[in-house]
Amino acid sequence: MAYLTDRKRVSGLGAAGAGTTHHWHQTLLSSALVVLVPLFVFTFGTILGAPYEEIVAYYSRPFPALVAILTLVVGWVHFAKGVQVLIEDYVHGTARKVAIIATTCLSYGAALASVYALARLAL
């Protein structure tokens with residue numbers, strides 16, 4: 001039987017050993033989205049409703065394409081990490097592992113599809 005002080009228990013980063021890291025990743029992703037989402041709204045809003053040829057010409061420029069790609073990728077990664085926390089809190093057993101794997105694959109697949117679609121549009 002080990003006798004641990006409160007400080008010794010806390011320095012282990014929690015029961016899973018990665019809670020602090022996950023929290024900081026979410027905080028950094030949230031901070032990035034605070035900057036990226038307004039940029040995306042302003043860049044996307046100017047071209048909303050335009051014909052296809054104008055949209056292709058607009059996203060062929062580097063700044064709007066980069067803002068759109070960064071916003072979508074950071075948003076999907078933030079979604080994946082947030083849903084992982086939700087699943088860890090409310091799902092138990094094997095279903096937890098399956099759900100985390102499925103949502104992670106879905107999220108990164110959607111991010112990849114977003115990058116592919118914008119690359120096809122921009123190039």
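Refer to the structure presented above.
This write-up is about the structure you can find in this document. Bear in mind the structure is a predicted one, so any value in this text is a computation, not a measurement. Residue positions are given per chain, counted from 1 along the sequence in the order it is written. Under the rules for a predicted model, residues below a pLDDT of 70 receive no local features and side-chain atom pairs below 80 are neither given nor counted, while totals for whole chains, interfaces and linings still include all residues. Excluding hydrogens and water, the side-chain values take into account all heavy atoms of the structure.

### Observations concerning the overall build of the protein chain
Point 1. Note on conventions: DSSP H or I runs of at least 4 residues are helices, E runs of at least 2 residues are strands, and numbering of each starts at the N terminus. Scanning the protein chain from N- to C-terminus turns up 5 helices and 0 strands.
Point 2. Walking the protein chain from its N terminus toward its C terminus, one meets helices and strands in the order α-α-α-α-α.
Point 3. Scored against the burial criterion, the 123 residues of the protein chain give a buried share of 24%.
Point 4. The contacts of the protein chain with a sequence gap of at least 6 include a subset with a gap of at least 24, amounting to 71%.
Point 5. In this description, accessible areas are obtained by the Shrake-Rupley approach with a 1.4 Å probe, and a residue is regarded as covered only by the protein chains that are shown. For the protein chain, the accessible area works out to roughly 8600 Å², and carbon and sulfur atoms hold 72% of it. Type-normalised accessible area, obtained with a 1.4 Å probe on protein chains alone, sets the label of each residue: buried when under 20%, exposed when over 50%, and partly exposed for intermediate values. Residues count as neighbours in contact if any of their non-hydrogen atoms are within 4.5 Å of one another.

### A few points about helix α2 (residues 19-47)
Point 1. Under the convention used throughout, the expected extent of a helix is 1.5 Å for every residue step, that is, one less than its residue count. The terminal C-alpha atoms of α2, which comprises 29 residues, lie 41 Å apart, in line with the 42 Å expected from a rise of 1.5 Å per residue.
Point 2. If you check which residues of α2 are buried, you get His22, Gln26, Leu29, Leu33, Leu36, Thr43 and Ile47.
Point 3. On the buried face of α2, the contacting elements are α3 (52-59) and α4 (62-90).
Point 4. Within two residues after α2, Gly49 carries a phi angle of roughly 90°, on the positive side.

### Considering the packing of aromatic side chains
Point 1. Between 30 and 60 degrees the pair is tilted, below 30 it is stacked and above 60 it is edge-to-face, where a pair is any two Phe, Tyr or Trp rings, Trp via its six-membered ring, whose centres lie within 6.5 Å. Within the structure shown, the criterion is met by 3 aromatic pairs.
Point 2. Centre to centre, the rings of Tyr58 and Tyr59 are 5.4 Å apart; their planes meet at 85°, and the pair counts as edge-to-face.
Point 3. Residue Tyr58 is classed as buried on the basis of its relative accessible area, which comes to 12%.
Point 4. Of the residues examined, Tyr59 reaches a relative accessible area of 4% and is grouped as buried.
Point 5. Consider the rings of Trp76 and Phe79, whose centres lie 5.6 Å apart with planes at 85°: the pair is edge-to-face. Here the residue Trp76 and the residue Phe79 both occupy positions in helix α4, the gap between them amounting to 3 residues, near one helical turn.
Point 6. Given the relative accessible area of 37%, Phe79 is considered partly exposed.

### With respect to the packing of α2 against α3
Point 1. For the pair α2 and α3, interaxial distance at closest approach is 10 Å and the crossing angle is 145°. The segment α2 lies against α3, with Thr43, Phe44, Thr46 and Ile47 engaging Glu54, Ile55, Tyr58 and Tyr59.
Point 2. When its residues are assigned to classes, the contact of α2 with α3 shows 5 nonpolar, 2 polar and 1 charged. Axes here refer to lines fitted to C-alpha atoms; in helices the fit is confined to the stretch in contact. Angles between the N-to-C directions go from 0 to 180 degrees. Each residue receives one of three labels: charged for Asp, Glu, Lys and Arg, nonpolar for Ala, Val, Leu, Ile, Met, Phe, Trp, Tyr, Cys and Pro, and polar for the others, Gly being one of them.

### Re the environment of Lys97
Point 1. Checked against the element boundaries, Lys97 lands in helix α5 (residues 94-122).
Point 2. Overall, the relative accessible area of 60% leaves Lys97 in the exposed class.
Point 3. For the pair formed by Lys97 and Gln84, sequence separation is 13 residues and the distance between their alpha carbons is 9.7 Å.

### Looking at α4
Point 1. Taking 1.5 Å of rise per residue, 29 residues should cover 42 Å, and α4 covers 42 Å from first to last C-alpha, within 8% of that figure.
Point 2. Taken residue by residue, α4 has Pro64, Ala65, Val67, Ala68, Thr71, Val74, Val77, Ala80, Lys81, Val83 and Ile87 as its buried positions.
Point 3. Against the buried residues of α4 lie α2, α3 and α5.

Purely geometric numbers; function is a separate question.
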